[in-house]
Amino acid sequence: MEQTNQAGSEPDEYARIVVSYCKKAQAATGSAPSIVGVENEVDQPPEVFSLMALALRRELDKAGFTQTKIHMADASYMFLGIDRAKALSKNSEAWRAIDFSAVHEYDFQEFIANPDLYDARMKAMHDAAAGKPFLATEICINDPHYQEPSYRIAFALAQLYHKNLTELDAEALMYCWLLLDVEQPTFAGSRSLLAPDRTHGWAPAASSFQLRVLGPTAATS
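Residues numbered from 1 in each chain as written. Predicted model: local features only at pLDDT ≥ 70, side-chain atom pairs only at ≥ 80, totals over all residues. Heavy atoms only, no water.

(A) Geometry of the sheet that holds strand β5 (residues 170–175). Read across the sheet, three strands follow the order β3-β4-β5 without closing on themselves; strand pairing throughout is parallel. One side of each edge strand has no neighbouring strand; the edge strands of this open sheet are β3 (101–104) and β5. Neighbour-to-neighbour, the strand axes of this sheet turn through a mean angle of 15 degrees, independent of strand direction. (Pairing = 2+ DSSP bridges. Helix = DSSP H or I, 4+ residues; strand = E, 2+ residues; numbered from the N terminus. Axes fitted to C-alpha atoms, helices over the stretch in contact; angles between N-to-C directions.)

Written as structure tokens, this is what we have:
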């Protein structure tokens, strides 16, 4: 669960909002979220992120959500995530409150013609995470140059999936989005794994080749 709101500069208010979400999720599903995040794609000074992590851990524990983990504030691009992890780890108390390193991987599109060039950033992220388990919180093709149903694009992403599972030992890969209903088929083909099939009762159907390569990649890593 990633949370974006206007309370980022007010750590206590941010913690209150996230705890309220956890209570609602527990009431609706019977379980609290396993992981919550410290903001999503928002730029804050490292000291603010540190205060948010500490306030969130304190309030989650106070509300009884002691098993709910926290992932670091995730940036849109891995090169930003590296810098953010390095900055956050300088506050040892706040860094202990964070259970997972995390980042979006939209900058992979710069390397889609040669995915191996992305390895250096992934290794740097692994080092910056300092042993914390890693979450790839958003993977997606949103560059219009690559917005097409193509096995070539899917195989490039398959390499990214494999690299996440091996070089970063990722605990989870989160494609953005899992399910998306759009008017333009090519948009769904690059932005989501599934789309409602309106001709068959709106049942989810693979929107591209990405879903087809994700399973085999995970099975062989």
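(B) Region of the structure containing the packing of helix α2 (residues 46–62) against helix α3 (residues 78–88). Where α2 meets α3, the closest approach of the two axes is 9 Å, and the angle between their N-to-C directions is 70 degrees. One way to sum up the angle between α2 and α3 is to call them roughly perpendicular. Once α2 is placed against α3, the crossing between them reads as right-handed. Touching P46, F49 and S50 of α2 are R84, A87 and L88, all from α3. Grouping the constituent residues of the contact of α2 with α3 by class yields four nonpolar, one polar and one charged. (Parallel < 35°, antiparallel > 145°, perpendicular 65-115°, else oblique. Left-handed = near helix turned anticlockwise from the far one by under 90°. Contact = heavy atoms within 4.5 Å. Nonpolar A, V, L, I, M, F, W, Y, C, P; charged D, E, K, R; others polar.)

(C) Inspection of the side chain of N40 at higher detail. Here N40 lies in the loop between β1 (35–37) and α2. Given a relative accessible area of 15%, N40 falls into the buried group. A distance of 2.7 Å separates polar atoms of two side chains, one belonging to N40 and the other to H104. (Buried < 20%, exposed > 50% of the residue type's maximum accessible area, 1.4 Å probe, protein only. Polar contact = N/O pair within 3.5 Å; in protein donor to acceptor, adjacent residues only side chain to side chain.)

(D) Layout of the nonpolar core. In terms of nonpolar packing, the biggest core is built from 54 residues, with V38, L56, L60, M78, M125, F134 and L157 touching the most fellow members. Setting aside chain neighbours within four positions, we find M125 in contact with M72, M78, G81, I82, A85, S101, A102, V103, F134 and L168. (Core = buried A, V, L, I, M, F, W, Y, C linked by side-chain atoms within 4.5 Å.)

(E) Representation of the packing of aromatic side chains in the model. According to the stated counting rule, one finds five aromatic pairs in the structure shown. Consider the rings of F108 and Y118, whose centres lie 5.3 Å apart with planes at 70 degrees: the pair is edge-to-face. Here F108, found in the loop between β3 and α5 (119–129), pairs with Y118, found in the loop between β3 and α5; they are ten residues apart in sequence, far enough to count as distant. Judged on exposure class, the residue F108 and its partner Y118 are both buried. Geometry around W95 places K132 over its ring, the cationic atom sitting 4.9 Å from the centre. (Phe/Tyr/Trp six-rings, centres within 6.5 Å; stacked < 30°, edge-to-face > 60°. Lys NZ or Arg CZ within 6 Å of the ring centre and 35° of its normal.)

(F) Up close: the pairing of β5. Two strands pair when backbone bridges link them, and strand β4 (residues 134–139) and β5 are joined in this way by four bridges, in the parallel orientation. Counted as the bridge partner of I139 is Y175 from β5. Tracing the backbone out of β4, into helix α6 (residues 151–166) and back to the parallel element β5 gives a crossover that is right-handed. (Right-handed = clockwise from strand over helix to strand, strands pointing away.)

(G) Representation of α5 in the model. For α5, the full list of buried residues reads D119, R121, M122, M125, A128 and A129. Those residues of α5 that are buried are in contact with α3, α4 (92–97), β3, β4 and α6.

(H) Layout of the pattern of salt bridges. Here the structure, examined in full by the defined rule, presents 13 salt bridges. Here D43 makes a salt bridge to R84, at a shortest N to O gap of 3.0 Å. Pair noted here: D43 is in the loop between β1 and α2 and R84 is in helix α3, with a separation of 41 residues, a long-range link. It is possible to trace a salt-bridge network through shared partners that takes in D12, R58, E59 and K62. (Salt bridge = Lys/Arg side-chain N within 4 Å of Asp/Glu carboxyl O.)

(I) Seen up close, the confidence of the model for the chain. Summary statistics for the chain give a mean pLDDT of 90 and a share of 93% for residues scoring 70 or more. Across residues 1–8, confidence stays below pLDDT 50; counting only partners more than four residues off in sequence or on other chains, it has 29 contacts. (pLDDT = per-residue confidence, 0-100.)

(J) Quick peek at the pairing of β3. Burial of β3 is two-sided: the residues S101 and V103 facing one way and the residues A102 and H104 facing the other way are all buried. Here four bridges tie β3 to β4, and the two strands are oriented parallel to one another. When the sheet's bridge partners are listed, V103 is paired in β4 with A136. Viewed along the sheet, the connection from β3 through α5 into β4 turns out right-handed.

(K) Structural detail: unusual backbone geometry. Omega for the bond connecting C176 with W177 falls within 30 degrees of zero, at 15 degrees, which places this linkage in the cis form. Mapping W177 onto the fold places it in the loop between β5 and α7 (185–191). Phi is positive for E39, close to 60 degrees, though the residue is something other than glycine. Classification of E39 as buried rests on a relative accessible area of 1%. In the Ramachandran plot, E41 falls in the positive-phi region, its phi being about 60 degrees despite a non-glycine side chain.

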